[in-house]
Amino acid sequence: MDRQELMTILPHRPPMLLVDEAHMEGDTAVGTYTVRGDEFFLQGHFPGQPTVPGVILCEMMGQTSCVLMADQIKGKLTLFAGLDKVRFRRTVQPGDTITFTTRQTGSKAMFHFVEGTGKVGGEVCVTAELSFALVEKGSDK
């Protein structure tokens, strides 16, 4: 899926659409994002050494995870319910292409659980366990 196809399942739009492309490999979603250097989240983080914030890496992983649940999330919002065991192993900077691999580990009612890894050039930059709540659009719960 390219960005246009991703927008059919994700509610995100630029500048918050943080996956360039994604696809399924068996029961695993794989998504990529190339850091250009002009992104809003690099402004001031950090002057002279722009570095992708960890929370943005988690968002990128979360957006990649939505590909796993494409059929289930139609007409719903996918909201983070939790981030667990998050570890950052290396910085991500302009020019880097991050590849995220995510796999669903379970679900219970409206909650879905995913584990993921982000790599740059084969080197792990982030790992996490994510949980999501699927809620009806327009609901504040």
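The structure we're discussing is the one just above.
We now turn to the structure provided with this report.

Definitions and cut-offs
Residues numbered from 1 in each chain as written. Predicted model: local features only at pLDDT ≥ 70, side-chain atom pairs only at ≥ 80, totals over all residues. Heavy atoms only, no water. Pairing = 2+ DSSP bridges. Helix = DSSP H or I, 4+ residues; strand = E, 2+ residues; numbered from the N terminus. Expected span 1.5 Å × (residues − 1). Buried < 20%, exposed > 50% of the residue type's maximum accessible area, 1.4 Å probe, protein only. Contact = heavy atoms within 4.5 Å. Axes fitted to C-alpha atoms, helices over the stretch in contact; angles between N-to-C directions. Phe/Tyr/Trp six-rings, centres within 6.5 Å; stacked < 30°, edge-to-face > 60°. Salt bridge = Lys/Arg side-chain N within 4 Å of Asp/Glu carboxyl O.

**Some words on the pairing of strand E4 (residues 97-108)**
As a general feature of sheets, a regular strand has side chains that alternate between the two faces.
Okay, so step 1: Looking at chain direction, strand E2 (residues 28-34) and E4 are connected through 7 bridges and run antiparallel. For Tyr33, the partnering residue across the bridge sits in E4 and is Ile98.
Okay, so step 2: Both E4 and strand E5 (residues 111-120) contribute to a ladder of 10 bridges, which runs antiparallel. Bridge assignment links Gly106 to a residue of E5, and that residue is Phe113.

**Examining helix H2 (residues 54-65)**
Okay, so step 1: Along its 12 residues, H2 runs 17 Å from first to last C-alpha, staying within 8% of the 16 Å computed at 1.5 Å per residue.
Okay, so step 2: The buried count for H2 comes to 10 of 12 residues, which makes it a mostly enclosed element.
Okay, so step 3: Along H2, the residues that are buried comprise Ile56, Leu57, Cys58, Glu59, Met60, Met61, Gly62, Gln63, Thr64 and Ser65.
Okay, so step 4: If you follow the buried residues of H2, they end up packed against E2, strand E3 (76-88), E4, E5 and strand E6 (123-136).

**Re the side chain of Thr102**
Okay, so step 1: Of note, Thr102 is situated in strand E4.
Okay, so step 2: Contact partners of Thr102, with chain neighbours within four places excluded, come to Asp27, Thr28, Ala29, Met61, Thr64, Ser65, Leu68, Val114, Glu115 and Gly116.

**As for the sheet that holds E4**
Okay, so step 1: Reading across from one edge, E1-E2-E4-E5-E6-E3 is the order of the 6 strands in this open sheet, with antiparallel pairing throughout. Looking along the sheet, the strands with just one partner apiece sit at the ends: strand E1 (21-25) and E3. The sheet shows a mean angle of 25° between the axes of neighbouring strands, taken without regard to direction.
Okay, so step 2: Strand direction decides the pairing type here: E5 and E6, joined by 10 bridges, are antiparallel. When the sheet's bridge partners are listed, Val120 is paired in E6 with Glu123.

**Points about the packing of aromatic side chains**
Okay, so step 1: Here the structure, examined in full by the defined rule, presents 2 aromatic pairs.
Okay, so step 2: A centroid spacing of 5.3 Å and a plane angle of 80° characterise the contact between Phe40 and Phe41, whose relative ring orientation is edge-to-face.
Okay, so step 3: A relative accessible area of 6% means that Phe41 is categorised as buried.
Okay, so step 4: When the ring of Phe80 is compared with that of Phe132, the centres are 5.3 Å apart and the planes differ by 20°; the resulting orientation is stacked. Separated by 52 residues along the polypeptide, Phe80 in strand E3 and Phe132 in strand E6 bring together distant segments of the chain.
Okay, so step 5: Here Phe80 falls in the partly exposed class, since its relative accessible area comes to 36%.

**Digging into the pattern of salt bridges**
Okay, so step 1: Counting across every chain of the model gives 9 salt bridges.
Okay, so step 2: For Arg90, the salt bridge goes to Glu123, with nearest N and O atoms at 3.4 Å. With Arg90 in the loop between E3 and E4 and Glu123 in strand E6, this residue pair connects regions lying 33 residues apart in the sequence.
Okay, so step 3: Residue classification places Arg90 among the partly exposed positions, given a relative accessible area of 26%.
Okay, so step 4: Sharing partners across several salt bridges, the network here consists of Arg36, Asp38 and Glu39.

Purely geometric stuff here, so don't read any function into it on its own.
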